[in-house]
Amino acid sequence: MTAAIAESRPAPLGDGPAIVVRDLRMRYGTTDVLHGVEFTARRGEVLALLGPNGAGKTTTIEILEGFRIRSAGEVSVLGTDPAHGDERWRARMGIVLQSWRDHGKWRVRDLLHHLGQYYVPYSTPERTRPADTDALVAAVGLGEQADKKISTLSGGQRRRLDVAIGIVGRPELLFLDEPTAGFDPQARREFHALILDLAKTEETTIVLTTHDLGEAEKLADRILMLAGGRIVADGTADELARQVSARAEVRWSRNGQHFVESVEDPTGFVRHLFAEHGEAIGDLEVRRASLEDTYMAMVVSHEATGPDAAVAGWTGAVQ
Amino acid sequence: MNPVRHAARLGLRRGLAEFRQSMTSAEDIGFQIFFAVAFLAVVFFQRGSTIEGTDMSVAMATLPSLVGLQIAFGGIMGAAGVLTIDRGDGTLLRAKAIPNGMLGYFVSRITSAALGTLMSMLIIFLPGLLLVPELAAVSLWNWLYLLLIAAFGLLATLPAGAIIGSMTKSPNGLFLYVMLPVMLVTGISGIFYPITALPEWVQWLAQVFPVYWLGHAVRWVFLADTGAAAEVAGVWRLHWAAIVLGAWSIAGLAIAPGVLRRMARRESGSVVAERRREAMQRMA
């Protein structure tokens, strides 16, 4: 790990983790917004930074992008400290933000082609840069809009163009900040398909931020849940769900009498129940707390009572 | 392939493409035409009168001053206005996210400022040829001098505009910190009103800024033969024009890169989003 951080020249493709973050801290004035965030992203992994607004997702991603200078901690992105990343390093990543409204007078294909040209000097035998403009326009579903002015695109089309620009340099690492904010369900579904396809075919490491658990579950290999500037959970959607649902509520009846108990090992408990009472058991019901219920409870608490209570609430639910 | 030269070439290409776009955009053309019509209206109403003691039309005397102003305006607004707008909509952040994108961006902006200034001069001169017969007699050498002055003028005003633009946070600030000062300086620079009729301290103040000297230099190109009676010292002082404009260029080029770098370093997704939120609130 330490070697990966210390290394300052760009690591060759496929060598070492894409991102290593250790004890990352960010402070604005006297307010701490990140308290020692730690995680690693493998090459080719799709990682979601999930959390309510104000949890520190955007700050974290902007530090990784090299757009914001951290207060403390060690960060390595594609083998380089983002605070000292050069243009060669920049050429290996793509960035998609939610607030872009630029280049309204350009036509879709022209802008994509023009911006792609900046990557020509960074083409390598393993990864020829940039991507073919027309193929990319088609891949993001803007074939019919290729000759339209960008100012005439809908919100969803605009964001797909942003993704196309983000990947025109065939990045090894792609950042997506709240990529589907303000989308309708249809646009959201199409966008998810596009991202999944990209992760599969280009072997791009993707880091996305979202406050939507469903989106994180759908897109990410691994979810990092942030609250109050800390990572409170790190794992696949299944692992997170299991952490949350470590306890389950078991309801049953015996001889017409109803029982309910909260247990840590529902399977073992039920096995035991049947072993002891056999045929007498009826109306069996095992209910695990869903990840969604627990996440929603944390989001509500984050907004109502602040990050510390939310973190405490989440930790309590998990243990 | 040298990535830096490559990006500079791309910037040049981008400047040309965006100039072409603005030439086909009704909004931009309308803006240019509005100014041209306003300028020409002034010239039109002066066409009958001549300057006292000469047989030269007042129009011929005004036109060079307007062109001098256009160069200064093109430099300041070409940098400050565009920079403020480009930060607002994320154009600058986009450039930052792309390898050598910032270099390409600045080259493109210098290109489009130069082309825009050239275009606004053409828009004045072409109809001007019809209204002011003396223009047809201007020699080729003098037109080349004019181009040289325009280049020198942009060099003096673009960096200053970029510095102001880096410090201007919103389109509202643009009016307060850019338009208003430029208008005030223009008012005392002998463009619309003879500078010699102003109090002496105002004349001194005006001579600190590029606007007077650009007007002075362009007037020299077109009016050299008719004398410099309306100038501050009563003579042509091209060396002073070169010194003042040169000082602005050197100071601007020394300060602007640092200011621009600091401004660019602060740009990020959340900064652009926050700016947008504030703009929405102002509108509501």
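Residues numbered from 1 in each chain as written. Chains lettered and ligands numbered in written order. Predicted model: local features only at pLDDT ≥ 70, side-chain atom pairs only at ≥ 80, totals over all residues. Heavy atoms only, no water.

**Examining the domain arrangement of chain A**
Residue and element names in this part refer to chain A.
Alright, step 1. The assigned domain composition of chain A is domain 1 (2-238) and domain 2 (245-318).
Alright, step 2. For domain 1 versus domain 2, the distance between C-alpha centres works out to 37 Å.
Alright, step 3. Between domain 1 and domain 2, the contact holds 17 residues from the first and ten residues from the second.
Alright, step 4. Its largest share of buried area at the contact with domain 2, domain 1 owes to Pro52, Leu213 and Met225, together 44% of the area lost on that side. (Domains from an automatic or database assignment. Contact = heavy atoms within 4.5 Å. Buried area = accessible area lost by both parts, 1.4 Å probe.)

**Description of a positive patch on the surface**
Residues and elements named next belong to chain B.
Alright, step 1. The grouping of Lys169, Arg261, Arg262, Arg265 and Arg266 at the surface amounts to a positive patch.
Alright, step 2. Tracing the backbone through its elements, the reader meets Arg265 in helix H10 (residues 238-266).
Alright, step 3. Relative accessible area serves as the criterion here: at 53%, Arg265 is assigned to the exposed category. (Patch = residues over 30% accessible without salt bridge, like charges linked within 9 Å, V, L, I, M, F, W, Y side chains within 5 Å. Areas by Shrake-Rupley, 256 points an atom, 1.4 Å probe, with all protein chains shown as cover. Salt bridge = Lys/Arg side-chain N within 4 Å of Asp/Glu carboxyl O. Lys, Arg positive; Asp, Glu negative; His and termini not counted. Charge placed at Lys NZ, Arg CZ, Asp CG, Glu CD. Helix = DSSP H or I, 4+ residues; strand = E, 2+ residues; numbered from the N terminus. Buried < 20%, exposed > 50% of the residue type's maximum accessible area, 1.4 Å probe, protein only.)

**Some words on helix H2 (residues 57-65) of chain A**
All names here are of chain A.
Alright, step 1. Across the nine residues of H2, eight count as buried, placing the element largely inside the fold.
Alright, step 2. Those residues of H2 that sit buried are Lys57, Thr59, Thr60, Ile61, Glu62, Ile63, Leu64 and Glu65.
Alright, step 3. Remark: Gly66 follows H2 within two positions and exhibits a positive phi of approximately 85 degrees.

**Looking at the pairing of strand S11 (residues 257-263) of chain A**
All names here are of chain A.
Alright, step 1. Relative to S11, strand S10 (residues 248-254) runs antiparallel, the two sharing seven bridges. Along S11, the bridge assignment pairs Arg251 with Val260.
Alright, step 2. In this antiparallel pair of consecutive strands, S10 and S11, the connection spans two residues, and Asn255 shows a positive phi of 55 degrees. (Pairing = 2+ DSSP bridges.)

**Section: the side chain of B:Thr168**
Residue and element names in this part refer to chain B.
Alright, step 1. Assignment of secondary structure puts Thr168 in the loop between helix H6 (140-167) and helix H7 (171-187).
Alright, step 2. Thr168 gets classed as buried once you look at its relative accessible area, which sits at 1%.
Alright, step 3. If near-sequence neighbours (up to four positions away) are discounted, Thr168 is found in contact with Thr84, Arg87, Gly173, Leu174, Tyr177 and Val178.

**Section: the sheet that holds strand S8 (residues 222-227) of chain A**
Residue and element names in this part refer to chain A.
Alright, step 1. Overall, mixed pairing links the six strands, which are arranged S5-S6-S7-S3-S8-S9 in an open sheet. One side of each edge strand has no neighbouring strand; the edge strands of this open sheet are strand S5 (93-96) and strand S9 (230-235). The sheet shows a mean angle of 15 degrees between the axes of neighbouring strands, direction not considered.
Alright, step 2. Pairing of S5 with strand S6 (residues 173-177) involves four bridges; the strand directions are parallel. The residue bridging Gly94 from the neighbouring strand is Leu174, located in S6.
Alright, step 3. Sitting on the sheet, H2 touches strand S3 (46-50), S5, S6, strand S7 (205-210) and S8, and the angle it makes with S6 is about 150 degrees.
Alright, step 4. Sheet strands touched by helix H6 (residues 155-167): S5 and S6. Its angle to S5, the strand with the most contacts, is close to 165 degrees. (Axes fitted to C-alpha atoms, helices over the stretch in contact; angles between N-to-C directions.)

**A look at the nonpolar core**
Residues and elements named next belong to chain A.
Alright, step 1. With 61 residues, the main nonpolar core has Val163, Leu176, Ile206, Met225, Met298 and Trp314 as its most contacted residues.
Alright, step 2. In terms of residues, this core owes the most to one element, helix H7 (residues 185-202), which gives six residues.
Alright, step 3. When we break this core down by domain, the ones giving at least three residues each are domain 1 (2-238) and domain 2 (245-318).
Alright, step 4. Here Met225 is in contact with Leu50, Arg230, Ile231, Val232, Ala233, Leu240, Tyr295, Met298 and Trp314, once residues within four sequence places are set aside. (Core = buried A, V, L, I, M, F, W, Y, C linked by side-chain atoms within 4.5 Å.)

**Notes on the packing of helix H2 (residues 26-46) of chain B against helix H3 (residues 58-89) of chain B**
Think of two packed helices as two axes; the pair is described by the angle between the axes and how far apart they sit.
Residues and elements named next belong to chain B.
Alright, step 1. Orientation of H2 relative to H3, taken along the N-to-C sense of each, is 165 degrees, at an axis distance of 8 Å. With respect to H3, the axis of H2 lies roughly antiparallel. Of the two possible hands of crossing, H2 and H3 adopt the one that is right-handed. Only Val58, Ala59, Thr62, Leu63, Leu66, Leu69 and Gln70 of H3 make contact with H2, whose side of the interface consists of Phe39, Val42, Val43 and Gln46. (Parallel < 35°, antiparallel > 145°, perpendicular 65-115°, else oblique. Left-handed = near helix turned anticlockwise from the far one by under 90°.)

**Describing a nonpolar patch on the surface**
Residue and element names in this part refer to chain B.
Alright, step 1. Together, Leu118, Leu140, Trp141, Leu144, Tyr145, Leu147 and Leu148 make up a nonpolar patch on the protein surface, roughly 760 Å² of accessible area in all.
Alright, step 2. For the nonpolar patch, the leading source of residues is H6, giving six residues.
Alright, step 3. Tracing the sequence through the fold places Leu147 in helix H6.

**A few points about the sheet that holds S10(A)**
Residue and element names in this part refer to chain A.
Alright, step 1. Taken together, the three strands give an open sheet; going across it, the order is S11-S10-S12, and neighbouring strands pair in antiparallel fashion. Bordering the open sheet on either side are S11 and strand S12 (281-288), each of which pairs with just one other strand. Mean inter-strand twist for the sheet, computed between neighbouring axes without regard to direction, equals 15 degrees.
Alright, step 2. Against the sheet, helix H10 (residues 266-277) contacts S10, S11 and S12, and its axis sits at roughly 175 degrees relative to S12.

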